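Geometric and topological summary
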Amino acid sequence: MGKDTIVIGLGNPLMCDEGIGITLIEYLTKKQDEHPDVDFIDAGTGGMQLLHYISGRKKAVLIDCAFMGTEPGTIKRFTADEVKSIKKLSHLSLHEVDILKVIELSEQLGEAPDEVVFFGIEPAAVEDGMELSDTLAGKIDDYLQTIDAELGTD
Amino acid sequence: MSNVNINVHHMTRVEGHGNIVVNASDGTVEKVQWQVPEAPRFFEAMVRGRKFDDIQTIVSRICGICSISHSLVAIKAVEDALSIDISEQTDMLRLLMHYSEQLQSHVLHVGYLVAPDLFNAPSVVPLVGKAPEAVKTIIGVHRVANQMSELLAGRITHPITLVPGGFSKVPSEKELRQLQDTLKAQVKPLQTICDVVASVAGNLPNFERDTEYVSLKQDKTYTFYHGDIASTEGTVKPVSEWESVANEYVVDQSTAKWAKWNRETYMVGALARYNNNAEYLSPLGKEVAGMFGLKKGCCNPFMNNIAQLAEAAHVVEHSIELIDKILSKGIEDERPNISPKPGRGYAAVEAPRGILFHAYEFDENFECTWGNMCIPTNQNHANIQKDFEKFVPENLESGEDNLRQGLEMLVRAYDPCISCSTHFLDVEFVR
């Protein structure tokens, strides 16, 4: 059985800032000792798998690159009901999976966590490449502090 | 006579972006196109300069659904290039890992993406209300397939246990026995899923177009992993010659390359494997095919979904046998011991959506100097276009909405993976 809380990094490290969720999970995994009750998962772009990862947890924290109309590098905390997805594809494709729809499906199945929190990070560059932009790379510590605070360790 | 103007931009429930354009006036078809506007990726350039043991990790990120297939074919090509041998145990465990992805992907495709069409629901979310037990059964089998991947690949997507020459970690006998028990318990739910699909299978369009089917073929095996490249035209080539099978070329309407071998177009995927290897399906796989009247030589692309169901049954049954075979020899905690030699290598595996090719070359520092990859969906694009050209005139009088839905279902039947790399959130705050 998984732990009560799961932190899931989403994204693709071959697309620059699109991989910020994965990079942060790598850092967080190294600090696993500070969070013994938390599972840290690199879920890549396997959208529908999220359904299984979050099933039966008390809390799920999802970290992803997000176009939010803010300054590149901005990190924002939000919950599913605070946002609507404006992606053109919202009928459950797989890579284009709408995470909000997965949460909805999980709720319908009665296995959704009590609390689902998103951390969206506004990208500066989503293009071919394996490095984060300087903007996001320079803010890794800030992001980690924000997530630590969410998990109860500051 | 019908006037039709269909312009579907970014169709849903396929992976990536594809457009459907149909224009007809007074019953005359003027334009029929399957367009792929995705920006090209440059994975082949990204692997250049990388060490041989990084390749499978990098390319696994090409796709979140077939990451195991990409990792496996990459590692096979790397091992072929560097003359690295592997043990029989490694080969069998990799095959078992490969089966886990077939099961994951097929159940997901038929259950989450195709079933809504058959039940006339826009997606699987509202389908929960219409057929709750069916959806729960589908999710249950999908969950088991994910657990199987996690045991063998180290996690559900983007494997971490694969290394050139073997595994970084092998499962224990106890874990494999538990997996075997879990798989045995999936036979009944799988039959339930087949019954559910059978109850609405009448909604699969009755459409046929004779074409060429290409897949792996191995002596007396329903192969997903070993063997040569075979065509239903009777041609067979070794995997090392895959570039002369795919014969990639570019067309104006698509940023994705098209492919052709003996004929103008060919199809890859579950139906292609079935048409080349049907007699070697497991008994349960044959039973599922029989339920739906699927026969070797079938040229209805919509039946690709049914072939996927038959294959899901096959991989469960064959995985149960394979675990017995692995354990009968005793599982060894092997670690690779390799002496690589520079060179070029080629490999193929059957990804869930069709035959997948990779090739790499390494220099004396074992750094990659060249890579080439050909994904199954690219091999299918030209075939989809030819299906459209037959389907549209045959169904022009069915009305624009029905025609649009039929074309969307046709594309989905191929289980295409058009853009295998990005998924970012795009959100607007409502309060």
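Remember, predicted model here, so these are calculated numbers, not experimental data.

The rules behind the values
- Residues numbered from 1 in each chain as written.
- Chains lettered and ligands numbered in written order.
- Predicted model: local features only at pLDDT ≥ 70, side-chain atom pairs only at ≥ 80, totals over all residues.
- Heavy atoms only, no water.
- Helix = DSSP H or I, 4+ residues; strand = E, 2+ residues; numbered from the N terminus.
- Rg over C-alpha atoms; globule rule 2.2 N^0.38 Å.
- Buried < 20%, exposed > 50% of the residue type's maximum accessible area, 1.4 Å probe, protein only.
- Contact = heavy atoms within 4.5 Å.
- Areas by Shrake-Rupley, 256 points an atom, 1.4 Å probe, with all protein chains shown as cover.
- Lys, Arg positive; Asp, Glu negative; His and termini not counted.
- Charge placed at Lys NZ, Arg CZ, Asp CG, Glu CD.
- 1 Å grid on protein atoms, 1.4 Å probe; cavity = no way out; pocket = protein on both sides within 12 Å on 5 of 7 lines; lining within 4 Å.
- Points joined across faces, edges and corners; volume = space filled by probe spheres on them.
- Nonpolar A, V, L, I, M, F, W, Y, C, P; charged D, E, K, R; others polar.
- Pairing = 2+ DSSP bridges.
- Axes fitted to C-alpha atoms, helices over the stretch in contact; angles between N-to-C directions.
- Parallel < 35°, antiparallel > 145°, perpendicular 65-115°, else oblique.
- Left-handed = near helix turned anticlockwise from the far one by under 90°.
- UniProt positions renumbered as here; feature names shortened; annotations may be inferred.
- Phe/Tyr/Trp six-rings, centres within 6.5 Å; stacked < 30°, edge-to-face > 60°.
- Lys NZ or Arg CZ within 6 Å of the ring centre and 35° of its normal.

**As for the overall build of chain B**
Along chain B, the regular secondary structure elements total 14 helices and 15 strands. Here the C-alpha radius of gyration of chain B, 21 Å, is about what a compact globule of 431 residues would show, namely 22 Å. Principal axes of the C-alpha set define a box for chain B whose edges measure 70 × 60 × 45 Å. Burial analysis of chain B (431 residues in total) assigns 62% to the buried set. A separation of at least 24 residues holds for 72% of the contacts in chain B among residues at least 6 apart in sequence. Accessible area of chain B: about 15300 Å², with a carbon and sulfur share of 47%. Of the charged side chains in chain B, 40 are positive and 55 negative, and the gap between their average positions amounts to 3 Å.

**Brief notes about the overall build of chain A**
Secondary structure assignment for chain A yields 5 helices and 6 strands. Buried positions account for 58% of the 154 residues belonging to chain A. For chain A, contacts bridging at least 24 residues in sequence account for 77% of all contacts bridging at least 6. Accessible area of chain A: about 6000 Å², with a carbon and sulfur share of 44%.

**Things to note about the layout of surface pockets**
Estimated volume of the largest pocket: approximately 1200 Å³. Lining of the largest pocket is provided by 37 residues; of these, Phe40, Ile41 and Tyr53 of chain A together with Glu150 and Arg155 of chain B occupy positions nearest its centre. Those elements giving two or more residues to the lining of the largest pocket turn out to be helix 1 (20–30), strand 2 (38–44) and helix 2 (50–54) of chain A together with helix 2 (55–59) and helix 6 (132–153) of chain B. The class makeup of the residues in the lining of the largest pocket is 12 nonpolar, 12 polar and 13 charged.

**A closer look at the sheet that holds strand 1 (residues 4–8) of chain B**
Sheet strands line up and pair through hydrogen bonds in the backbone, either parallel or antiparallel. Residues and elements named next belong to chain B. Taken in spatial order, the 3 strands of this open sheet run 1-2-3, and their pairing is antiparallel. Since the sheet does not close on itself, it has two edges, and those belong to strand 1 and strand 3 (28–35), each with one partner. The average undirected angle you get between the axes of adjacent strands in this sheet is 5°. Of the strands in this sheet, strand 2 (19–25) and strand 3 are in contact with helix 13 (residues 376–395), which crosses strand 3 at around 155°. Of the strands in this sheet, strand 1, strand 2 and strand 3 touch helix 14 (residues 400–413), which is tilted by about 40° from strand 1.

**Here we look at the packing of helix 10 (residues 270–277) of chain B against helix 12 (residues 304–328) of chain B**
All names here are of chain B. Two elements in contact, helix 10 and helix 12, have axes separated by 7 Å at closest approach and are oriented at 70°. As judged from the angle between their axes, helix 10 and helix 12 are roughly perpendicular. Where helix 10 crosses over helix 12, the handedness of that crossing is left-handed. Facing helix 10, whose interface residues are Ala270, Leu271, Arg273 and Tyr274, helix 12 presents Asn304, Ala307, Gln308 and Glu311.

**Some remarks on the sheet that holds strand 12 (residues 343–351) of chain B**
Residues and elements named next belong to chain B. Reading across from one edge, 12-13-14 is the order of the 3 strands in this open sheet, with antiparallel pairing throughout. Among the strands making up the open sheet, the edge pair consists of strand 12 and strand 14 (368–374). The average angle at which neighbouring strand axes cross in this sheet is 15°, direction not considered. Here helix 13 sits on the sheet and contacts strand 12, strand 13 (354–362) and strand 14; the angle it forms with strand 13, its principal contact strand, is near 130°.

**Concerning the pairing of strand 13 of chain B**
All names here are of chain B. Across the 9 residues that make up strand 13, a large majority, 8, are buried. Two elements, strand 12 and strand 13, share 9 bridges in a ladder whose sense is antiparallel. Note that in strand 13 the partner of valine 349 across the bridge is leucine 356. From the end of strand 12 to the start of strand 13, which pair antiparallel, there are 2 residues. For strand 13 and strand 14, the ladder comprises 6 bridges, and the chain directions are antiparallel. Across the sheet, residue glutamate 361 finds its bridge partner in strand 14, namely tryptophan 370.

**So, the UniProt feature "binding site: Ni(2+)" (unreviewed entry) in chain B**
Residues and elements named next belong to chain B. Per the UniProt record, "binding site: Ni(2+)" (unreviewed entry) is annotated on Cys63, Cys66 and Cys417. A maximum C-alpha distance of 9.0 Å among these annotated residues, which run over 355 residues, shows that they cluster at one spot. Position of cysteine 63 relative to the elements: it lies in the loop between helix 2 and helix 3 (67–81). A residue is classified by how much of its surface remains accessible, and cysteine 63, at 0% relative accessible area, is buried. Mapped onto the elements, cysteine 66 comes out in the loop between helix 2 and helix 3. In this structure cysteine 66 comes out as buried when scored by relative accessible area, which is 4%.

**Quick word on the packing of aromatic side chains**
The full count for this structure, using the stated rule, is 11 aromatic pairs over all chains. Between the aromatic rings of phenylalanine 78 of chain A and phenylalanine 118 of chain A, the centroid separation amounts to 5.4 Å while the plane-to-plane angle is 10°, which identifies the pairing as stacked. One end of the pair, phenylalanine 78 of chain A, is in strand 4 (residues 75–79); the other, phenylalanine 118 of chain A, is in strand 6 (residues 115–121), with 40 residues separating them in the sequence. Judged by its relative accessible area of 0%, phenylalanine 78 of chain A is buried. On the basis of an interplanar angle of 65° and a centroid distance of 6.3 Å, the ring pair of tyrosine 346 of chain B and tryptophan 370 of chain B is categorised as edge-to-face. One end of the pair, tyrosine 346 of chain B, is in strand 12; the other, tryptophan 370 of chain B, is in strand 14, with 24 residues separating them in the sequence. Judged by its relative accessible area of 17%, tyrosine 346 of chain B is buried. Taken together, the aromatic side chains of Tyr99, Tyr222 and Phe224 of chain B make up a single cluster linked through ring pairs. Against the face of tyrosine 225 of chain B rests lysine 76 of chain B, its NZ or CZ located 4.2 Å from the ring centre. Cation over ring: arginine 344 of chain B sits above tryptophan 370 of chain B, and NZ or CZ is 3.6 Å from the ring centre.

**Brief notes about the packing of helix 8 (residues 187–200) of chain B against helix 11 (residues 283–291) of chain B**
When two helices pack together, their arrangement is given by the angle between the helix axes and by the axis-to-axis distance. All names here are of chain B. Packing of helix 8 against helix 11 leaves a shortest axis separation of 11 Å and a crossing angle of 15°. Relative to helix 11, helix 8 is oriented roughly parallel. With respect to the hand of their crossing, helix 8 and helix 11 are arranged in right-handed fashion. Side by side, helix 8 and helix 11 meet where Val187, Gln191, Cys194, Asp195 and Ala198 of the first sit next to Leu284, Glu287, Val288 and Met291 of the second. Grouping the constituent residues of the contact of helix 8 with helix 11 by class yields 6 nonpolar, 1 polar and 2 charged.

**Things to note about empty space enclosed by the protein**
All names here are of chain B. Taken as a whole and assessed by the stated rule, the structure comprises 3 cavities of 30 Å³ or more. If you go around the largest cavity, the residues you meet are Val110, Gly111, Ala115, Phe119, Leu127, Ala131, Ala134, Val135, Ile138, Ile193, Val196 and Val197. For the lining of the largest cavity, the per-class residue count stands at 11 nonpolar, 1 polar and no charged.

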